[in-house]
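Structural features, examined
In case you want the letters, here they are:
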Amino acid sequence: MSATRYRRFLKLCEEWPRDETKKGRDLGTFLRQRVASAFREGENTQISDPDKCDQMYESLARINGNVYRQRFPRVRDTSFTGVTVEECRVLLSGSMQQSMDEEKKGLWKTLMERFSSKTEDVPEKAPEK
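Residues numbered from 1 in each chain as written. Predicted model: local features only at pLDDT ≥ 70, side-chain atom pairs only at ≥ 80, totals over all residues. Heavy atoms only, no water.

- An unreviewed UniProt entry annotates the protein chain as Mitochondrial nucleoid factor 1 originating from Oryzias melastigma.
- Check the Subcellular location (unreviewed entry) section of the UniProt entry for the protein chain; it says "Mitochondrion matrix, Mitochondrion nucleoid". (UniProt positions renumbered as here; feature names shortened; annotations may be inferred.)

**A look at the nonpolar core**
- Ranked by size, the top nonpolar core spans eleven residues in total: Tyr6, Phe9, Leu12, Cys13, Trp16, Leu31, Val35, Phe39, Cys53, Tyr57 and Leu60.
- Within the residue set of this core, elements represented by two or more residues are α1 (2-15), α2 (27-38) and α3 (50-64).
- With four residues, the top contributor of residues to this core is α1.
- Sequence-distant contacts of Cys13, that is, excluding residues within four places in its chain, are made with Leu31, Arg32 and Val35. (Core = buried A, V, L, I, M, F, W, Y, C linked by side-chain atoms within 4.5 Å. Buried < 20%, exposed > 50% of the residue type's maximum accessible area, 1.4 Å probe, protein only. Helix = DSSP H or I, 4+ residues; strand = E, 2+ residues; numbered from the N terminus. Contact = heavy atoms within 4.5 Å.)

Here is the structure:
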């Protein structure tokens, strides 16, 4: 019976999409890691609580199959803030996080980086005699 559970979780992991814009924060990647750690011995893994395992699989399968999205359709694809789905993707992607980190650097560090790279490009003058 453990082998069947393992195969079902593997199939779910294959179907679960990965979001490459969310490095280290992707739910699909996290799910794959959890399945790998829970089933270390593959099909031979002994499960301590089979009911909880089955319940977890069914919940994840419902999320992956968009059961709740179909049961409770949204009128508009915006949030209470008025931000669209595409704008949310941009905000949650790693590129937006990088630009926020650059802004947090501060004025002094930004100026130092800009001027230090320019001075390296300019050849030094030979000392005059």
